[in-house]
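The residues making up each chain are set out below.
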Amino acid sequence: MAKKKGYQKSIRVKLIELLISILVISALIYVFGYTDGNALKIFTGIAFGLFLFGVIIVRFGSPDEPAPKKEDGVTKLVLLDEEGESVKEWFIQGETSLLIGKSSAQNEVDIDLGDAEYAALISKQHAVLNQASGDWFIEDIHSKNGTGIKQPNKRDKSKLEIEQPHKVKAGDIIYIANTRLLLK
């Protein structure tokens, strides 16, 4: 219901903007096409210029205003120990897809947890972390001991379904079996 109200408000705003545009264009056509007074044309030209300047400022912001700061996304993964201390970090900014697991001669992964405390519980190809449209998604890829997520505002962790992407953000903890990776 709230979505419908927002949609109706948006239509009303666009309709009002259209009517104002039609009125302004009609006034300009009348003043510059059908009147002879130079003072009226000068006044109308100045008023129209100020109107356009105001529209540009409202739409795009003041040139002196700093651009709104974009919310910082995930830039790194941090391997945590039992006490929650950082053991190892991987900077992932600029990456689009990262395979999480254990590297071997036949299998290379991007996030190698082969030396983690619970490495025996981690599959060679355990999970994949993908970025799409600025958001990160974690997906379990048929691991033996599962993948979980704990969000900072939730009490319990949730286990992921196999091959079902789950959106993650900074502050979330990814559980690869019993190994914890903090998204920062």
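Residues numbered from 1 in each chain as written. Predicted model: local features only at pLDDT ≥ 70, side-chain atom pairs only at ≥ 80, totals over all residues. Heavy atoms only, no water.

The name that an unreviewed UniProt entry assigns to the protein is FHA domain-containing protein, with the source organism given as Brevibacillus formosus.

Trainee: For this particular structure, what's the right way to read the UniProt feature "transmembrane region" (unreviewed entry) in the protein?
Mentor: As annotated by UniProt and renumbered to match this structure, "transmembrane region" (unreviewed entry) occupies residues 12-33 and 39-60. Helix makes up 100% of residues 12-33 and strand 0%, whereas the separation of the span's terminal C-alpha atoms amounts to 31 Å. (UniProt positions renumbered as here; feature names shortened; annotations may be inferred. Helix = DSSP H or I, 4+ residues; strand = E, 2+ residues; numbered from the N terminus.)

Trainee: Mind showing me how you'd approach the nonpolar core here?
Mentor: Nonpolar side chains in soluble globular proteins tend to be buried together. In this structure, L77, L113, L129, I138, I174 and L181 are the most contacted members of the largest nonpolar core, which totals 23 residues. Within the residue set of this core, elements represented by two or more residues are strand 1 (76-80), strand 3 (97-101), strand 5 (125-132), strand 6 (135-140), strand 10 (173-176) and strand 11 (179-183). Setting aside its immediate chain neighbours within four residues, L181 contacts L77, V78, L79, W90, I100, I111, L113, D172, I173, I174 and I176. With five residues, the next largest nonpolar core counts V78, L80, Y175 and L182 among its residues. (Core = buried A, V, L, I, M, F, W, Y, C linked by side-chain atoms within 4.5 Å. Buried < 20%, exposed > 50% of the residue type's maximum accessible area, 1.4 Å probe, protein only. Contact = heavy atoms within 4.5 Å.)

Trainee: Sorry if this is basic, but what is going on with a negative patch on the surface here?
Mentor: On the surface, E82, E83, E85 and E117 cluster together into a patch of negative charge. One can find E82 in the loop between strand 1 and strand 2 (86-91). (Patch = residues over 30% accessible without salt bridge, like charges linked within 9 Å, V, L, I, M, F, W, Y side chains within 5 Å. Areas by Shrake-Rupley, 256 points an atom, 1.4 Å probe, with all protein chains shown as cover. Salt bridge = Lys/Arg side-chain N within 4 Å of Asp/Glu carboxyl O. Lys, Arg positive; Asp, Glu negative; His and termini not counted. Charge placed at Lys NZ, Arg CZ, Asp CG, Glu CD.)

Trainee: Which parts of the structure should I look at to understand the layout of surface pockets?
Mentor: Left-over empty space is what a probe sized like a water molecule reveals as it rolls over the atoms. A volume near 280 Å³ is recorded for the second largest pocket. If you trace the second largest pocket, you find it lined by E17, L18, I20, S21, V24, I25, F48, F51, L52, V55, V58 and R59. Put simply, the parts of the chain that give the lining of the second largest pocket at least two residues each are helix 1 (2-34) and helix 2 (38-60). Looking at side-chain class alone, the lining of the second largest pocket contains nine nonpolar, one polar and two charged residues. (1 Å grid on protein atoms, 1.4 Å probe; cavity = no way out; pocket = protein on both sides within 12 Å on 5 of 7 lines; lining within 4 Å. Points joined across faces, edges and corners; volume = space filled by probe spheres on them. Nonpolar A, V, L, I, M, F, W, Y, C, P; charged D, E, K, R; others polar.)

Trainee: Explain the sheet that holds strand 8 (residues 158-159) to me, please; I cannot follow it from the model alone.
Mentor: Strand pairing in a sheet is mediated by backbone hydrogen bonds. Such pairs are either parallel or antiparallel. Here we have six strands laid out as an open sheet, ordered 2-1-11-10-7-8, and antiparallel in their pairing. Lying at the two open borders of the sheet, with one neighbouring strand each, are strand 2 and strand 8. As paired elements, strand 1 and strand 2 share five bridges and run antiparallel to each other. Residue L77 lies in a different strand from strand 2, and its bridge partner there is W90. (Pairing = 2+ DSSP bridges.)

Trainee: Can you help me understand the packing of aromatic side chains in this one?
Mentor: Any pair of aromatic rings gets described here by the distance separating the centres and the angle formed by the planes. The final tally for this structure, using the stated rule, is zero aromatic pairs. The aromatic ring of Y175 is capped on one face by K157, whose charged end is 4.1 Å from the ring centroid. (Phe/Tyr/Trp six-rings, centres within 6.5 Å; stacked < 30°, edge-to-face > 60°. Lys NZ or Arg CZ within 6 Å of the ring centre and 35° of its normal.)

Trainee: What is the right way to look at the sheet that holds strand 9 (residues 166-168) in this model?
Mentor: Overall, mixed pairing links the five strands, which are arranged 4-3-5-6-9 in an open sheet. Single-partner strands in this sheet number two, and they are strand 4 (111-112) and strand 9. Where strand 6 meets strand 9, three bridges bridge the pair, whose relative direction is antiparallel. Looking at the pairing, I138 lines up with H166 of strand 9.

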